[in-house]
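What follows is the residue order along each chain.
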Amino acid sequence: MSAAALLHEIAALLDSLDRMGQGGSVQLNGLPLLPGDYEALQEALGEGELSAELQALGPTQIRETALHGVWWLTHRNSAGEVVAESIEVTRCPDILQTPAEDVSESAQHLRERLLIACETGDRHG
Amino acid sequence: MADENSLGAILRAQGVSRRGFLKFCGAMAALMALPPSMVPAIAAALGKAQRPSVIWLSFQECTGCTESLSRSHTPTLEALIFDAISLDYHHTLQAASGEAAEAARATAMKQFFGKYLLVVDGSIPLKDGGVYSTIAGMSNLDMLQEAAKGAAAIVAVGTCAAFGGIPHANPNPTGAVAVSDIIKNKPIINVSGCPPIPVVITGVLAHYLTFGTLPELDDLGRPKAFYGESIHDRCYRRPFYDQGKFAKTFDDEGARNGWCLFELGCKGPTTFNACATTKWNQGTSFPIESGHGCLGCSEPNFWDAGSFYQALSVPITPLGKAAAIAAAAGIAGGAAIAMHNRHVKAGAKSGHQTVTVNDLEKQPGEAR
């Protein structure tokens, strides 16, 4: 397994995303990478304009690489150890989007807060 | 919303957000060697799964398997799986002791009869009525047979429980045997290794938690997801093996260049485990990467398979003849050599012959 082979796989996924709207992902932790392959892959993909950090069960870094549509996700536990790492070819990684049920819950939550604020005469909610 | 006893509810109650749950499911998919496309299905299944009762029995063991699992000073995602299950009995880890502990075990076995998961580490001694390992005055043999009756499945953790391990090694003074030598009427998953890689243990539990079934097993009862390939097949030093670049002694130039450790006794070709890909200590390294050959610790009788520092022995038939037969059948020379390597350990036990790696390299004129 080498960086070049992975890049070919990513290219195929990008083609698929472009033509059929269906990308995919590559799990990095299961691969027998030679020392240097990981850094070579990072260098080949580069860093893009968008980076996000999720704080849930430890930090997760979500970065778009210099190649639009190719995202690098690093999941760490609360001790900072990497528990999973993957490259996702997509317009937006699933974990970045707000889950639909969370939206329903916040809508309800905010309504309730405004109702209480109204009742107690607190203008700021 | 799913009922209070479901895994989803338990995680939410612990303050895990939906994104956190998705991250957890992604890590679980990685643990079970499943593709990321399966994460939504895993999330749906885990969200509804019931918290299973788990009874852990430690028999004639060194506690290395429990240590492998719990040796984590800070919480990890794998540790969450242990929070998610209801570990009703584990005499090393639990707070209760003595009669209270045994009562807890009896209660759990009765309440969840037919449904609890039984996890066993350590071998079971049979000699002299099983007197060489007892808990609360009860022999391991009796305890296993009693607990197995109401178990949905049994996970034999570690080479001792899976194959007899070190107590079973020559001359086996206690008559130690594996779980599968005693229990014949329950599904058994062998998670071998001395110790097994922690994520392999939790991966098997994760699979059971998610799907309620046993993962696909090989002919030694080990989950194929983790034991389906040999160390040799996934070793990052394989290019050196293929080029014939071997370290001759520890710390010679070849060793310092990271060359293949075959001549220093590496048992990678005949050992099936996830060490080369999953690695140890959260993916830090594994024996070969640290400069020492594989001991073959996830295979039966690895303690009796000849020296850890002697190269895998020559097979019973000379390579040339067997390779010629293989070539005649249309198989490439490389596969013939691989086939030989798989029979090597059986040959070693009966043959006790020494070999150099040249015996296993291709002969002139042989097809590759």
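Here the structure is a predicted model, which is why all the values come from computation and not from measurement.

1. Overview of the interface of chain A and chain B
- On the side of chain B, 22 residues touch chain A, which itself brings 31 residues to the contact.
- The contact between chain A and chain B buries some 2100 Å² in all, and 59% of this surface belongs to carbon and sulfur atoms.
- Where chain A packs against chain B, one counts 2 salt bridges.
- Put simply, Arg18 of chain B and Glu105 of chain A hold a salt bridge, and the shortest N to O gap is 3.0 Å.
- Counting across the interface, chain A meets chain B through 11 residue pairs in polar contact (both at pLDDT 80 or more).
- When contributions to the side of chain A that touches chain B are tallied by element, the ones reaching two or more residues are β1 (24-27), β3 (59-64), β4 (70-76), β5 (82-89) and α3 (100-120) of chain A.
- Residues belonging to the side of chain A that touches chain B are distributed by class as follows: 14 nonpolar, 11 polar and 6 charged.

2. Focus: the packing of helix α3 (residues 39-48) of chain B against helix α10 (residues 198-211) of chain B
All names here are of chain B.
- Look at α3 against α10: their axes get within 8 Å of each other, and the N-to-C directions meet at 75°. Considering their axes alone, α3 and α10 lie roughly perpendicular with respect to each other. Where α3 approaches α10, its residues Ile42, Ala45 and Leu46 are matched on the opposing element by Leu209, Thr210 and Phe211.
- Taken together, the residues of the contact of α3 with α10 sort by class into 5 nonpolar, 1 polar and no charged.

3. A look at the pairing of strand β1 (residues 53-58) of chain B
All names here are of chain B.
- The buried fraction of β1 is high, at 6 of 6 residues.
- Here β1 shows a buried face lined by Ser53, Ile55 and Leu57 and a second buried face lined by Val54, Trp56 and Ser58.
- Strand direction decides the pairing type here: β1 and strand β3 (residues 116-121), joined by 5 bridges, are parallel. The residue bridging Trp56 from the neighbouring strand is Val119, located in β3.

4. Things to note about the confidence of the model for chain A
- Put simply, chain A has an average pLDDT of 89, and 94% of its residues get 70 or more.
- Per-element averaging of pLDDT across chain A places β5 of chain A at the bottom with 87 and β3 of chain A at the top with 96.

5. Considerations on the confidence of the model for chain B
Residues and elements named next belong to chain B.
- Counting all residues, the mean pLDDT for chain B is 80, and 76% of those residues have values of 70 or more.
- The low-confidence segment residues 314-338, where pLDDT is below 50, has 31 contacts with residues more than four positions distant or belonging to other chains.
- Taken as a whole, residues 362-368 scores under 50 in pLDDT and shows 14 contacts with residues more than four places along the chain or in a different chain.

6. Side note on the domain arrangement of chain A
Residue and element names in this part refer to chain A.
- Once the domains are mapped, chain A shows domain 1 (3-92) and domain 2 (94-125).
- Placing the centre of domain 1 and that of domain 2 at their C-alpha centroids yields a distance of 34 Å.
- Each partner contributes residues to the interface: domain 1 has 8 residues there, and domain 2 has 4 residues.
- Buried area between domain 1 and domain 2, summed over both chains or domains, comes out near 480 Å², and the portion from carbon and sulfur atoms is 79%.
- In terms of surface lost to domain 2, no three residues of domain 1 exceed Leu54, Ile62 and Cys92, which account for 66% of the buried area on that side.
- Taken together, domain 1 and domain 2 are joined by 0 salt bridges.
- At the boundary of domain 1 with domain 2, the tally comes to 1 residue pair in polar contact (both at pLDDT 80 or more).
- Contributions of two or more residues to the side of domain 1 that touches domain 2 are made by β2 (51-55) and β4.
- The element best represented in the side of domain 1 that touches domain 2 is β4, accounting for 3 residues.

7. Considering the pattern of salt bridges
- For the structure on display, the rule yields 14 salt bridges over all chains.
- Close ionic contact of Arg18 of chain B with Asp102 of chain A constitutes a salt bridge, the shortest N to O distance being 2.5 Å. On the criterion of chain membership, the pair formed by Arg18 of chain B in helix α2 (residues 18-31) and Asp102 of chain A in helix α3 is interchain, its members lying in two chains. This pair shows no difference in class: Arg18 of chain B is buried, exactly as Asp102 of chain A is.
- Among the ionic pairs, Glu216 of chain B bridges to Lys224 of chain B, the shortest N-O distance being 3.2 Å.
- Classification of Lys224 of chain B as partly exposed rests on a relative accessible area of 39%.
- One salt-bridge network, in which partners are shared between bridges, spans Asp102 and Glu105 of chain A together with Arg18 of chain B.

Cut-offs used in this document
Every chain begins its residue count from 1, and numbering advances along the sequence as written. The lettering of chains begins at A and the numbering of ligands begins at 1, in the order of writing. Residues qualify for local features only when their pLDDT is at least 70, as the model is predicted, and side-chain atom pairs are given and counted only at 80 or more; totals for whole chains, interfaces and linings, by contrast, use all residues. Hydrogens and water are ignored here; the side-chain numbers use all heavy atoms of the structure. Pairs of residues are marked as contacts when any of their non-hydrogen atoms sit within 4.5 Å. By buried area we mean how much accessible surface two parts lose on assembly, using a 1.4 Å probe and totalling the loss over both. Every case where a carboxyl oxygen of Asp or Glu lies within 4 Å of a side-chain nitrogen of Lys or Arg is listed as a salt bridge. Counting of polar contacts relies on pairs of N or O atoms within 3.5 Å, with two restrictions inside protein: one atom must be capable of donating a hydrogen and the other of accepting it, and residues adjacent in sequence are counted only when both atoms are side-chain atoms. Secondary structure elements follow DSSP: runs of H or I no shorter than four residues count as helices, runs of E no shorter than two count as strands, and numbering proceeds from the N terminus. Nonpolar residues are Ala, Val, Leu, Ile, Met, Phe, Trp, Tyr, Cys and Pro. Charged residues are Asp, Glu, Lys and Arg, and all others, Gly as well, are polar. An axis is simply a line fitted to the C-alpha atoms; with a helix, the fit covers only the stretch in contact. Between two such axes, the angle follows the N-to-C directions and lies from 0 to 180 degrees. Note that the term roughly parallel is reserved for angles under 35 degrees, roughly antiparallel for angles over 145, roughly perpendicular for angles of 65 to 115, and oblique for everything else. Residue burial is assigned from relative accessible area. The probe radius is 1.4 Å, only protein chains are included, and a residue is buried under 20% of its type maximum, exposed over 50%, and partly exposed in between. Two strands pair if DSSP finds at least two bridges between them. How sure the predictor is of each residue is captured by pLDDT, a score from 0 to 100. The split of the chain into domains comes from an automatic or database domain assignment.

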